[in-house]
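Per-entry structural report
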Amino acid sequence: MSSLPQILCEKLSAAPAGRLPFVQVMELALYHPDHGYYGAGPRKIGRSGDFFTSVSVGQLFGKLLALRALEEWRALGAPEDFTIIEQGAHDGQLAEDVLKALGSHPIRYLIVEPNPRYRAAQATRLGDRVQWVDSLDALANGPGNAFFVCNELPDAFPVHLVRWNGTRWEELCVEATDAGEFRLVPGEYSCTELATEIESLPQDLAPGHTMEVNLAMLEWLRTLARARFRGSIFIADYGLDEEEFYADARAEGTIRRYHQHQMDGRVLEKLGECDLTTHVNFTRLIAEATRLGLPQREYDLQGRLLGRMAAPWLRSLEGSPPDAATMRQFHSLTHPALMGRSFRCLVLEKPSAG
Ligand SMILES: C[S@@+](CC[C@H](N)C(=O)[O-])C[C@H]1O[C@@H](n2cnc3c(N)ncnc32)[C@H](O)[C@@H]1O
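In this text the structure is predicted, and so the values were computed from the model without any measurement.

1. A look at the overall build of the protein chain
A count of helical and extended segments in the protein chain gives 13 helices and 16 strands. Computed over the C-alpha atoms, the radius of gyration of the protein chain is 21 Å, within 12% of the 20 Å expected from 2.2 N^0.38 for a compact globule of 354 residues. Its C-alpha atoms give the protein chain principal-axis dimensions of roughly 65 × 45 × 45 Å. Counting all 354 residues of the protein chain, 40% fall into the buried class. In the protein chain, the share of contacts with a sequence separation of at least 24, taken over all contacts with a separation of at least 6, comes to 74%.

2. Focus: unusual backbone geometry
The backbone of Ala78 sits at a positive phi, close to 50°, despite the residue not being glycine. Within the fold, Ala78 resides in the loop between helix 4 (60-75) and strand 2 (83-87). Residue Gln260 is not a glycine yet carries a positive backbone phi of 45°. Assignment of secondary structure puts Gln260 in the loop between strand 11 (256-259) and strand 12 (262-264).

3. As for the environment of Phe157
With respect to the element layout, Phe157 can be found in the loop between strand 5 (144-151) and strand 6 (160-164). Accessibility expressed as a C-beta count within 10 Å gives 23 for Phe157, which makes it buried. Note: C-alpha distance between Phe157 and Met217 (60 residues apart in sequence) is 6.9 Å. What Phe157 contacts, discounting residues up to four positions off in sequence, is Asn214, Ala216 and Met217.

4. Re the site of the ligand
Near the ligand there are 15 residues, and of these Thr53, Val55, Gly88, His90 and Asn151 occur at the shortest range. Considered class by class, the residues forming the shell around the ligand number seven nonpolar, six polar and two charged.

5. Topic: the sheet that holds strand 13 (residues 275-277)
Spatial ordering of the open sheet is given by 12-11-13, a layout of three strands whose pairing is antiparallel. Only two strands of the sheet have a single partner each, and these edge strands are strand 12 and strand 13. For this sheet, the mean angle separating the axes of adjacent strands, direction not counted, is 25°. Note: strand 11 against strand 13, three bridges, orientation antiparallel. Note on strand 13: the bridge partner recorded for Arg257 is Leu276.

6. A few points about helix 10 (residues 282-291)
Helical geometry: 3.6 residues make up each α-helical turn, so side chains three or four residues apart lie on a common side. Among the residues making up helix 10, those that are buried are Phe282, Arg284, Leu285, Ile286 and Ala289. Buried-residue contacts for helix 10 involve helix 8 (215-226), strand 10 (229-240), helix 9 (242-245), strand 14 (280-281), strand 15 (296-301) and strand 16 (343-350). Two residues or fewer after helix 10 comes Gly293, characterised by a positive phi angle close to 90°.

7. Quick look at the packing of helix 11 (residues 302-316) against helix 12 (residues 324-334)
Contact geometry of helix 11 with helix 12 gives a least axis separation of 8 Å together with a crossing angle of 140°. Judged on the interaxial angle alone, helix 12 and helix 11 are oblique. Counting all contacts with helix 11, which are made through Gln302, Gly303, Leu306, Gly307 and Ala310, the residues of helix 12 involved are Phe330, Leu333 and Thr334. Of the residues in the contact of helix 11 with helix 12, the class split is four nonpolar, four polar and no charged.

8. Section: the pairing of strand 10
Of all 12 residues that make up strand 10, 10 are buried, and the element is covered over most of its length. Alignment of strand 10 against strand 16, held across eight bridges, turns out to be antiparallel. The partner of Ala236 across the bridge, within strand 16, is Cys345. Here strand 10 pairs with strand 14 via two bridges, running parallel. Across the sheet, residue Leu240 finds its bridge partner in strand 14, namely Asn281.

9. Quick word on the pairing of strand 6
On any regular strand, side chains alternate: one points to one face of the sheet, the next to the other face. For strand 6, a buried count of five out of five residues is recorded, marking the element as mostly surrounded by other parts of the structure. Burial of strand 6 is two-sided: the residues His160, Val162 and Trp164 facing one way and the residues Leu161 and Arg163 facing the other way are all buried. The pairing of strand 6 with strand 9 (residues 210-213) spans four bridges and is antiparallel. Pairing of Arg163 across the sheet is with Thr210, part of strand 9. Between strand 6 and strand 7 (residues 169-176), which follow one another and run antiparallel, lie four residues, and Gly166 among them has a positive phi close to 100°.

Quick notes on the rules
Just so you know, the residues in each chain are numbered from 1, in the order the chain's sequence is written. The model is predicted, so local features are restricted to residues of pLDDT at least 70 and side-chain atom pairs to those at 80 or more, both for listing and for counting; the totals for chains, interfaces and linings are taken over all residues. Note on conventions: DSSP H or I runs of at least 4 residues are helices, E runs of at least 2 residues are strands, and numbering of each starts at the N terminus. Restricting the calculation to C-alpha atoms gives the radius of gyration, and the globule rule supplies 2.2 Å times the number of residues raised to the power 0.38. Exposure in this text rests on C-beta crowding, where 20 or more other C-beta atoms within 10 Å of a residue's own make it buried, 12 or fewer make it exposed, and counts in between make it partly exposed. The C-beta atoms are placed from the backbone. Residues are defined as contacting one another if the C-beta atoms placed from their backbone atoms lie within 7 Å. Only the C-beta atom matters for this test: placed from the backbone, it must lie within 6 Å of a molecule or strand for the residue to be near it. Side-chain classes are defined by residue name, with Ala, Val, Leu, Ile, Met, Phe, Trp, Tyr, Cys and Pro counting as nonpolar, Asp, Glu, Lys and Arg as charged, and the others, Gly among them, as polar. For two strands to pair, DSSP has to find at least two bridges joining them. Axis definition: a line fit to C-alpha positions, over the contact stretch in the case of helices; interaxial angles, taken between N-to-C directions, run 0 to 180 degrees. Comment on the angle field: the value is read as roughly parallel under 35 degrees, roughly antiparallel over 145, roughly perpendicular from 65 to 115, and oblique elsewhere.

Structure representation (C-alpha cells):
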C-alpha cells in the first residue's frame, strides 16, 4: 500500500509545475481516508496520544458544558425540543461526559460527523443516546432549539499559507526536491477568495512574515449561519486576536505539527503521522460571524469564561470541596500558564436560519 509521501509525490508529478498549494497538502495529511492523520479513525488524545485537549483533561469540561447547556435551555423558556449539537466529536468522549452530567435530563444530543469510521467509534461508545448527521446542511427539518458546541475544531481545518515578500503577499505551495523531500515555494494565488482575504492583511510587516488564511473556517461559519436551528454556538479553541498574528515573534506563522507531545514547525515531515494545526484568528472569526448574522455574546480567555461558567457549581460545593482530581482538572482548564490563556471561548447568538 502507498504511504502518504508517495501519494503526495504522485499528485505533485501530475500537478501544473509540479506544485500544489499548501492547503491541499494539509488536507491530504490530515484527511486522506486511509493515510491522513485524522482520516483512518479517531486516534488517542491525551497522555498516550500526541497532544492534550480540554476534553482529554477529564470529565469536568463536559460537566461545565452541560451546565451551560441547561442555562441556555432555561433562557429559551425550557422548551421540550432542545438539542446539543456537537461537531468534531472525535471518539465521543465529550458527548459521554456531557450526557453523564445531564443524567436523566431529556435534552437530545446530535453529532455532526462526516467520517463513517468516527461515527462507528462514537456509536460504540454512546449507543442510542445520540443521533448523527453528516453535515450541518443535513439539519433540513430542525432540530429547532439547540446549543452547538465544538472544541478544537477550526484549528484542525486545512489552511492556505501566505508569505509577505516585502512587496506583496505570496501563496506558499509545496514541491518535491531532488532528494525526495518536500519544500515550500511561493506561487500564484490558487483561488479568488484567497486573493480577496489577502487584501485586508497588513503590508508593513518584515519580509518573510508568514501567516495562515483559514478559508475553511469562513465556509464552516456560512454553514452554521444557514443551519436550521436557533439558540447559541459555543466555540473553544486555541487562538489569537488579529494583532497578535502580526508580532515579530509570530513571523513564522502559527502552523505546527504535534507528535508524541513534541511540537515543531517541520510541517512537511512525517506527513500523515503527525497532527498539523494552526491558531484560530478569533478577530476574523467574530467579524465574519457578525457579518453572517451570528452576533458575539461572549468572548474571553478560556480560564475566565469557564471560571464564570463554573461559578454556580463552585458555590454549590461550599463546605464539601470536590476531590483532588476534579480540582486538578479545573486548574488545568483555567490556569493562565496551562490552558486558561492560550485557549479562548466564544459564544455566538444563533437566530433561526432562513
Ligand atoms: C483536534 S481534534 C479535537 C477532538 C475533540 N473535539 C477534543 O477536543 O478532544 C479535531 C477533530 O475535528 C474533526 N474534524 C475536522 N473537520 C471536521 C468536520 N468538518 N466535521 C466534523 N469533524 C471534523 C477531526 O476528525 C478531529 O476529530
